[in-house]
Amino acid sequence: MTDGELLMNEERPQIRRWARLLFRTVVTCEAVLALGQAVLAGSLLSGHYGALDLHAANATATGVTAIVQTITAVLLWRPGGGPGWPAVASASLFAAEGGQIVMGYGRVLAVHVPLGVIIIACTLLMLVWAWRPAADSSSAEPVKAAA
């Protein structure tokens, strides 16, 4: 057996079920809130000025959820046995959302709008990663080398 076959036949570390489920739940909440921000911004642009207060309140909820997401990503990584990059990505997302809130209150829309699009895109990418079957390593079988 070659080294490549050994690496392909090795089992990947399993992510603990509770950590994966917790992370998936929080990432899903974060994605729903982020998409809600776009809906509320669109409502505001359509002339429903009461949506501004809802947009601001939802921004706070989104930021708090990003903190919780960072905590659950750390739990996914260390005791959960998952990769560490979601913790770094989640912390970066929280930092971007903090900047987004500052730009929104400062009415710097030239930064606020494109940054919002980037935040939503990154949040959705994290959501897809969290729910993809490959992330569920407990049900995955090791790859077998062709004979």
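In what follows, the structure referred to is the one given above.
Cut-offs and rules
- Counting restarts for each chain: residues are numbered from 1 in the order of the written sequence.
- Residue-level local features of this predicted model are given only where pLDDT is at least 70; pairs of side-chain atoms are given and counted only at 80 or more, and the full residue set underlies all totals for whole chains, interfaces and linings.
- The side-chain figures draw on all heavy atoms in the structure; neither hydrogens nor water molecules are used.
- Labels follow the DSSP assignment, with helices taken as runs of H or I lasting at least four residues and strands as runs of E lasting at least two, numbered in each case from the N terminus.
- Residue exposure (1.4 Å probe, protein chains only): buried if accessible area is under 20% of the type maximum, exposed if over 50%, otherwise partly exposed.
- Every residue pair with non-hydrogen atoms within 4.5 Å of one another is taken to be in contact.
- Each accessible area value is a Shrake-Rupley result obtained with a 1.4 Å probe; residue values ignore everything except the protein chains displayed when judging cover.

Caption draft 1: Here's a closer look at the overall build of the protein chain. What the protein chain contains, in helices and strands, is five helices and zero strands. The order of helices and strands in the protein chain, counted from the N terminus, is α-α-α-α-α. Across the 147 residues that make up the protein chain, the buried fraction comes to 32%. Sequence-distant contacts in the protein chain: of pairs separated by 6 or more residues, those separated by 24 or more amount to 74%. Accessible surface, the protein chain as shown: approximately 8,900 Å² in total, 71% of it carbon and sulfur.

Caption draft 2: Region of the structure containing the side chain of Gln 37. Its place among the elements puts Gln 37 in helix α2 (residues 17-45). With a relative accessible area of 14%, Gln 37 lands in the buried category. The contact partners of Gln 37, leaving out residues within four places of it in the chain, are His 55, Asn 58, Ala 59 and Thr 62.

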